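# Descriptive structure summary
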Amino acid sequence: MSEAAAALDTHAEGFHDELEPSLTPGNSGKLGMWVFLAGDAMTFGAGIAAYGALRWYNVNWPDPADWLGITLTAIMTFILICSSLTMVEALSSAQHGNQKRMQLFLGLTVIGGIVFLGCQASEWHHLIWGEGLSIKTSLFSATFFILTGFHGCHVFGGVVYLSTLLINSIGKEATAHEAKLLEVAGLYWHFVDLVWILIFTFVYLI
Amino acid sequence: MAETAAAHAPHGAVEHEGPSYIAVFIYLTLLTAAELGVYGLGLPKPVMVGALVALALTKAALVAMFFMHLAMERRGLWVVAVTPLVIISFCYFMLRPDLSRRTWAHTEEDVIVGHHEEPSAILPQIPQGKALEHADQPADSQAGQPKPAAPPPPVPQ
């Protein structure tokens, strides 16, 4: 190998020590997703902070238990936690080259997301047509629909994202590149789970 | 070129030496059950809120650290992960003084329809002409001159 070629060899020993080290060595897509999620977290955070501040100074804020069903949302929380587990199992399978197992767990993750959306649609249907709530009814209903709706949009996006990966994997062998794509998608899915954990506590329980 | 993931796994490029995912899942389930237990105990509100927030943050940290592999990533990635939390804290505490000046939600009706107050009723009125009195002077016109000993007289309300 010539001296010039050796200088360009990014796999050479010590290459990362000489240049700026990557925050996510081996998968730059992860850094991109982390930066995106940081921005997304600020959007969610602004919504939750506004909700908290509005509620703090509103002495007549209704008790969420009077309007919202805790049992259903506890089940929804458990479904998302299960789907996070199937997501990491899918990634682990992909990293070990087990394509069938990866597809099984990725499919279960997608189903978990769809079931979650179904539960949320049922809850919204009850609140809007059964209880007569709308985004214009009160500050309570406005913050509720904005926070849970924004999160529901993320779950829907995640279902489309993971379904695309699943469909693309059909009839193909496991590759290292595919495992990297799945790891990036997994970051998104776990973030959606993390945000729901906070919404479940702040909006439903407290 | 069809590289298999299994062939790459020994290099450690995508492999993580992490904890048992099942264990993390069980912790998350137990913490959710604990949240429901705290919720149903009928504790005093401040105690309940504190316990629920602590449990939720613990669950969120478990997801970030182990499912999102933050515990196994380089420490520099923490800067990306923690920055939004700092900014969100600022966002919340900057909203509070603004809201504390308002006197809303004294009645049930206020909560339902919101309490709207004309800005002129809560903001001090600035007399016309006073604010722009010295606007035509360059900013450095008094440079080098001693500062006036007494502050200017207050603007009449």
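Structure: above.
We now turn to the structure provided with this report.

Cut-off values and rules
Residues numbered from 1 in each chain as written. Chains lettered and ligands numbered in written order. Predicted model: local features only at pLDDT ≥ 70, side-chain atom pairs only at ≥ 80, totals over all residues. Helix = DSSP H or I, 4+ residues; strand = E, 2+ residues; numbered from the N terminus. Buried ≥ 20, exposed ≤ 12 C-beta atoms within 10 Å, placed from the backbone. Contact = placed C-beta atoms within 7 Å. Rg over C-alpha atoms; globule rule 2.2 N^0.38 Å. Nonpolar A, V, L, I, M, F, W, Y, C, P; charged D, E, K, R; others polar. Expected span 1.5 Å × (residues − 1).

Moving on: the overall build of chain B. Looking only at helices and strands, chain B features six helices and zero strands. Along its sequence from the N terminus, chain B presents helices and strands in the succession α-α-α-α-α-α. The 157 residues of chain B split such that 15% are buried. Sequence separation of 24 or more characterises 50% of the internal contacts of chain B that already satisfy a separation of 6 or more.

Turning to the overall build of chain A, a few remarks are in order. Broken down by element type, chain A carries eight helices and zero strands. Reading the helices (α) and strands (β) of chain A from amino to carboxyl end gives α-α-α-α-α-α-α-α. The C-alpha radius of gyration computed for chain A amounts to 21 Å, which surpasses the reference 17 Å derived for 206 residues by more than 25%, pointing to a less compact arrangement than a globule. Dimensions along the principal axes, computed over C-alpha positions, put chain A at roughly 75 × 40 × 20 Å. Buried positions account for 43% of the 206 residues belonging to chain A. Within chain A, counting contacts between residues at least 6 apart in sequence, those at least 24 apart form 78% of the total.

Another point: the interface of chain A and chain B. Chain A puts 51 residues into the contact, and the matching count from chain B is 51 residues. Listing elements by their share of the side of chain A that touches chain B, those giving two or more residues are α3 (28-56), α5 (70-95) and α8 (176-205) of chain A. For the side of chain A that touches chain B, the class distribution of residues is 29 nonpolar, 17 polar and five charged.

The backbone of B:His69 shows a phi angle near 65°, a positive value even though the residue is not glycine. Inspection of the secondary structure puts B:His69 in the loop between α3 (45-67) and α4 (77-100).

We now examine helix α6 (residues 99-130) of chain A. When the terminal C-alpha atoms of α6(A) are compared, their 45 Å separation across 32 residues agrees well with the 46 Å that a helix rising 1.5 Å per residue should span. Directly after α6(A), the chain includes A:Gly132, whose backbone phi takes a positive value near 80°.

So, on to the environment of A:Gly26. Residues and elements named next belong to chain A. Mapped onto the secondary structure, Gly-26 falls in the loop between α2 (15-18) and α3. Judged by C-beta crowding, with 15 C-beta atoms within 10 Å, Gly-26 ranks as partly exposed. Sequence separation between Gly-26 and Leu-187 is 161 residues; the distance between their C-alpha atoms is 15 Å.

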